[in-house]
Amino acid sequence: MVLVHLEESLLEVLKYAELKYFRMVSDDDLPNEPLDVAVVEGAVTNEEEAIMIKKIRRMSKFLVAAGACAVTGGLNAIKNISPEGEVESTVYSSPEHVRSGKAFGLNEYVNVDAYLYGCPIDRRELINTLMSLVMRVPPYIPGLTVCMECKMNGNECVFLTRGELCLGPVTVGGCSALCPSNGVACEGCRGVLKGTNPKGLELAWTNAEISPDLIRLKLRKYSDVYQVPAR
Amino acid sequence: MFIKEDARYWKLEMSFVLKREELPHFSKHIVSKGYSLFAPVKKEGRSAFKKIGEDHVDEISLDYIRTTMPPLKALLIPPKETLLRIKDGRIEEVLPNPADKIAIMGVHPCDVNAMSLLERVYTDRPEDPYFKARRNSLLIIALNCKSADEYCFCTSFGTGPSLDEGFDLLLTDLDEGFLVEVGSRKGAELVGDFYMPKALSTDLMEKDETIRRAKGMIRKHVNTAGIQRIMTGALYNPIWNELAGKCTGCGACNMVCPTCFCFNVVDEIELDSGSVLRSRTWDGCLLWEYAEVALGGNFRRDLSARIRQFVNHKMNYWLNQYGALGCVGCGRCIEQCPARIDITNVVARLRGELL
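Nothing here was measured: the structure is a model prediction, and the numbers come from that model.

S.K.: Lay out the sheet that holds strand β8 (residues 169-173) of chain B in plain terms, naming residues and giving numbers.
M.R.: Residues and elements named next belong to chain B. The strand order across the open sheet built from seven strands is β1-β9-β8-β7-β6-β2-β3, with neighbouring strands paired in mixed fashion. Looking at which strands have only one partner, the edges of the open sheet turn out to be β1 (15-19) and β3 (46-52). For this sheet, the mean inter-axis angle between neighbouring strands, taken without regard to orientation, is 25 degrees. Packed onto the sheet, helix α7 (residues 201-217) meets β1, β8 and β9 (177-182) and runs at close to 75 degrees relative to β8.

Okay, structure coming up:
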């Protein structure tokens, strides 16, 4: 949906690209022709979606996973640790209509060429990625942490000064540390940055006498941080 | 003996006392000279450097120990700065305007010394025009420390708590106000047309006493004797693996270190017919991507190797690279580490001074 909210910028992007399929905007079916770029949102949670993403992969030269759900499974992946169906029956009145199993990011099923992290994704990163593809250079999102961007913004640490459980130290940066810069701890929506050490963070929290239950909840909100890193 | 007396005489001739209540007026005086003034202000119980407008000189508070952000690094190499704009095949360098005069007031000795180290890096060939332009237009009003906390260890490197050179003006917080010492022509010009009484020899004695007291508060220490040999000998010490279990790999130490000078150059493609902004952002050796090369090769795959690099760069490699150790003992990396890793502790353990 961030794509739609680009508004005038979207028109600018459309000077260089033809939109073939956009389910959030039009009911047209997925065309049966090769695509240069596919930008896919959402987690894969059932067999039909798995088949669909494999089809899209085959059709497209370049596949972008856009948003927390497509990158790591996102919030949906909370249910992955519960027995199948349990979460659905707590949330929905008639869970028998829900056809949804474990939630995973796209790369669980197909090769992904580029990622747009976060919930929601960053507008600038989206534009930069699309324009990079127009110019035929690989999109690049710097591999730094939210914690580093937070320091660059001149903030005081919400963990060290207020004891808040912030996932900034292990989370992919690029959001300009939006949450901690507004006084709210990072929830880790952009996923775990490759090379960071969530176990170290868990240890730091444990040493600060945070209850193991709370730590587990925090580290599992946007998919389990101990899974494969987002990037 | 005669020469020493002579030096003391001249020191007195170029030393003044700024009454505490005169500080805002003096700050206004600096702004009126066309400087953008940066000084520490209180923010949520901590202090941070901020640009001070003429109407906000009352907010300046020189009573602080440490800011999280290293002030001179942030001024001279902004966390994110645009280097070039490329449009329609034309490359336009976005250099700082040399006419923009900057004054920074209240920088502690460790940070001034850290800037001298950055100078070695950025004015070494090839010279960095962005750094150089800002450095040339920068006036430094340093502030000797009157206190220290549990993270300070500048005495290990001779980088504090007092300063002998590298400033335009140097303040010391005394009972009745600030001792103002002149360190350069620019500094002399600034006090030249602002009335301050000359300092007395008792003021200089009070300064010495203040610094002695600050020194007495410093608890942490790094023994630098033969440190290069010890660090190199410890490259395969199991301590690096142990630290990798605790370290989150967040890179906060890199950001808050006043001598960490690495940056990443990034191109951002703008929407208007593909013009490109090339900018640089602070980077850090704790990151996976930092030592990554083409096709995914990486020279420091393990976090242990990256921690080892951070500590060794400060305490070992700097000496060969730039002729000085790369740590000034400001204590930021210790204070800001979520995992509570303490570089003084690491060195002490490698020296066998601690278990």
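Still to come is the rest of the account.
S.K.: I'd like a description of the interface of chain A and chain B, backed by residues and values.
M.R.: When the parts of a complex come together, some accessible area is lost, and that lost area is often taken as the interface size. Taken together, the contact between chain A and chain B spans 32 residues of the former and 33 residues of the latter. Of the residues assigned to the side of chain A that touches chain B, the class counts are 17 nonpolar, 11 polar and four charged.

S.K.: Before we move on, can you summarise the domain arrangement of chain A with the specific residues and values?
M.R.: Residue and element names in this part refer to chain A. Taken as a whole, chain A is organised into domain 1 (2-134) and domain 2 (146-220). Its C-alpha centre places domain 1 at a distance of 26 Å from the equivalent point of domain 2. The interface of domain 1 with domain 2 comprises 10 residues on the first partner and seven residues on the second. Broken down by element, the residue count for the side of domain 1 that touches domain 2 peaks at three residues, all from helix α4 (residues 68-72). A breakdown of the residues in the side of domain 1 that touches domain 2 according to their chemical character gives six nonpolar, two polar and two charged.

S.K.: Would you mind going over the pairing of β8 of chain B in detail, with residue names and values included?
M.R.: All names here are of chain B. By the criterion of burial, β8 is predominantly enclosed, with five of the five residues buried. Bridge count between strand β7 (residues 138-143) and β8: three bridges; the pairing is parallel. Counterpart to Leu143 in the pairing with β8 is Leu171. Here five bridges tie β8 to β9, and the two strands are oriented antiparallel to one another. Paired with Leu171 across the two strands is Val180, which belongs to β9. Hairpin connection from β8 to β9: three residues lie between these consecutive antiparallel strands.

S.K.: Please provide a residue-by-residue account of the confidence of the model for chain B, values included.
M.R.: Counting all residues, the mean pLDDT for chain B is 94, and 97% of those residues have values of 70 or more. Here the complex is predicted with pTM 0.94, and the ipTM for its interfaces comes to 0.95.

S.K.: Requested: an account of the pairing of strand β1 (residues 35-41) of chain A, with residues and values cited.
M.R.: The sheet contact formed by β1 of chain A and strand β2 (residues 60-66) of chain A spans six bridges and is parallel. Bridge pairing in β2 of chain A links Glu41 of chain A to Ala66 of chain A.

S.K.: An account of the environment of Ser132 of chain A is needed here, citing residue identities and associated values.
M.R.: Note that Ser132 of chain A resides in helix α6 (residues 123-134). Since 18 C-beta atoms lie within 10 Å of it, Ser132 of chain A is described here as partly exposed. The contacts of Ser132 of chain A, once residues within four sequence positions are left out, are Val137, Pro138 and Pro139 of chain A together with Ile269 of chain B.

Conventions used here
- Residues numbered from 1 in each chain as written.
- Chains lettered and ligands numbered in written order.
- Predicted model: local features only at pLDDT ≥ 70, side-chain atom pairs only at ≥ 80, totals over all residues.
- Pairing = 2+ DSSP bridges.
- Helix = DSSP H or I, 4+ residues; strand = E, 2+ residues; numbered from the N terminus.
- Axes fitted to C-alpha atoms, helices over the stretch in contact; angles between N-to-C directions.
- Contact = placed C-beta atoms within 7 Å.
- Nonpolar A, V, L, I, M, F, W, Y, C, P; charged D, E, K, R; others polar.
- Domains from an automatic or database assignment.
- Buried ≥ 20, exposed ≤ 12 C-beta atoms within 10 Å, placed from the backbone.
- pLDDT = per-residue confidence, 0-100.

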